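Chain and residue survey
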Amino acid sequence: MKKMLMLGTSYGSIEMIRYAKAKGAYTIVTDYLKPEKSIAKFEADEYWMTNTADLDQLEEKCRKEQINAIICGISEFNLEMCMKLCNRLGLPCYCNEEAWSYSRDKEKFKTLCKKLGVPVAADYFLSNALTQKELENVVYPVVVKPVDMSGNRGISFCNHAEELVKAYHHAKAVSKSDKIIVERMLHGKEWYAYYAMAEGKISLVALNAMHSQPGEPRNCYSITTTVSDNVERYVKEVNPSVIKLLEKVGCREGVGWVQFMLDEDGSFYILEMGYRLDGDMMFIPHREVCGFDSVAWLVDYAFGEKNDPKDLPQNQLHAFVKCGVGYMLWTNKQGTIADMQGFDEVANWPEVQLVESLAQVGDTITLHRSLGNIMFTADNCNEMCSLIEKINRTVRILNTAGEDVIIHYDNFAYLTEIYQKGLRERDEF
């Protein structure tokens, strides 16, 4: 029997374990956490308590237990450990360290974009001294972000020098790098383009639009969905350059994504890339909407089954009629979780493909933190909005004060507008 080692628990881990077990593999999860804090251990056939950073011990155990495949979910740290461990053991890993460096270093990625003529937001140089001359050269508003963090960690939006100085120090505090990006703040709609790769061939699986609840921080994307407009324009104006960019990065196998914005000036700008599964978990509804299974794609490759370029999905060319949706549950309050309601009920609805939450009763929560995701598909926009309303009535996460801490999305008129516009553009093309 083949054996698969999963490094830690993160979004995507449980799906990978279930897929591997369905194929007859024996599954193991390892990290230093108790199963209650690393819930993929409950899904696996076995678990270890070895820290994923302890590569020497993991190498020894993998050789002894004759592990055939090593994989992880979206955790960037564990992906780095996965690459190193696979190299030691001679096992396949879709991602290599040079290509991965463009995901981890936003400045390196941005420099490559400029070299290839891929549009990115104008940026400003600031030294650690934050001199008066440097600050006077900045045109506001700007975004400040560390080069090596994901999931909105360390990001600030600044409208004047006082905010910028504070944001710069905040970014430095959470980053392991000396480099901080300060760039023009873009204003507009955001997407990420999700790609699959095999033997250096790259295919656009789907554009995923990102929507925040009005009145909440714009980077708290409650709804990520295949419902999109401007598909034809992206495919014509941007996609060829992005594919060349990914080729230059060295993305030959697996999956990855590139985030971009259509600014109010009417131009597309690339923001960043990730050479991994997307944290919004849209790879789950992609199975029904696009007919592409990222979990199978990655797990099979980890077991040494080479992906054939002929099996890549057809490039998306137009807006989809069917709707794939990820409803991310962000917090709008802090405190301690006292109760979580409705999750088991929602998980049993036929339209819902996955309900995943790494949060538990007793956890201390901070403001604007993601506590989970609900993945589903719908045949059209009306069904999608109705299901979101139903989730809003059913799911609650309460703090010790009895307050519901979830941001509930209800901007359905906007979703309907985007859906109808996308279909009109599809018909006009």
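Heads up: the structure comes first, above all this text.
Residues numbered from 1 in each chain as written. Predicted model: local features only at pLDDT ≥ 70, side-chain atom pairs only at ≥ 80, totals over all residues. Heavy atoms only, no water.

**Let's talk about the packing of helix α14 (residues 381-394) against helix α15 (residues 412-428)**
The N-to-C vectors of α14 and α15 enclose an angle of 160 degrees; their axes lie 10 Å apart at closest approach. Taken together, the axes of α14 and α15 are roughly antiparallel relative to one another. Crossing hand, α14 versus α15: right-handed. Between α14, through Cys 381, Met 384, Cys 385, Ile 388, Glu 389 and Asn 392, and α15, the contact on the second element is made entirely by Phe 412, Leu 415, Thr 416 and Tyr 419. (Axes fitted to C-alpha atoms, helices over the stretch in contact; angles between N-to-C directions. Helix = DSSP H or I, 4+ residues; strand = E, 2+ residues; numbered from the N terminus. Parallel < 35°, antiparallel > 145°, perpendicular 65-115°, else oblique. Left-handed = near helix turned anticlockwise from the far one by under 90°. Contact = heavy atoms within 4.5 Å.)

**Comments concerning the sheet that holds strand β4 (residues 69-71)**
Across the sheet, which stays open at both edges, the four strands sit in the order β3-β2-β1-β4 with parallel pairing between neighbours. The open sheet is flanked by β3 (46-48) and β4, the only strands paired with a single partner. Averaged over all pairs of adjacent strands, the angle between strand axes in this sheet comes to 25 degrees, irrespective of strand direction. Sheet topology note: the strand β1 (residues 3-7)/strand β2 (residues 26-30) ladder contains five bridges and is parallel. Its bridge partner lying in β2, Lys 3 is registered against Tyr 26. Each of β1, β2 and β4 is contacted by helix α1 (residues 13-22), which is oriented at about 175 degrees to β1, the strand it contacts most. (Pairing = 2+ DSSP bridges.)

**Thoughts on α14**
With 14 residues, α14 should reach 20 Å at 1.5 Å per residue; the first-to-last C-alpha distance of 20 Å fits that figure. Listed in full, the buried residues belonging to α14 are Cys 381, Met 384, Cys 385, Leu 387, Ile 388, Ile 391, Asn 392 and Thr 394. (Expected span 1.5 Å × (residues − 1). Buried < 20%, exposed > 50% of the residue type's maximum accessible area, 1.4 Å probe, protein only.)

**Considerations on the environment of Met 282**
The topology assignment puts Met 282 in the loop between β13 (268-274) and α11 (286-289). Since its relative accessible area comes to 0%, Met 282 is described here as buried. It is 20 Å that separates the C-alpha atoms of Met 282 and Cys 95, two residues lying 187 residues apart in sequence. Non-local contacts of Met 282, meaning those with residues more than four positions away in its chain, are made with Tyr 192, Asn 208, Thr 224, Thr 225, Thr 226, Gly 324, Val 325, Gly 326 and Met 375.

**Notes on the side chain of Asp 404**
As for its placement among the helices and strands, Asp 404 is situated in the loop between β19 (396-399) and α15. Within polar-contact distance, the side chain of Asp 404 engages the backbone nitrogen of Ile 397 at 3.4 Å. Here Ile 406 takes part through its backbone nitrogen, which lies 3.3 Å from a polar atom of the side chain of Asp 404. Apart from residues lying up to four places away in sequence, Asp 404 is in contact with Asn 332, Lys 333, Val 395, Arg 396, Ile 397 and Leu 398. (Polar contact = N/O pair within 3.5 Å; in protein donor to acceptor, adjacent residues only side chain to side chain.)

**With respect to unusual backbone geometry**
Phi is mostly negative for residues that are not glycine, and the peptide bonds are mostly trans. Residues Tyr 140 and Pro 141 are joined by a peptide bond in cis, for which omega reads 0 degrees. Mapped onto the fold, Pro 141 is located in the loop between α7 (132-136) and β6 (142-146). One non-glycine residue, Glu 199, lies in positive phi territory at about 50 degrees. For Glu 199, the position within the fold is in the loop between β9 (188-198) and β10 (201-212).

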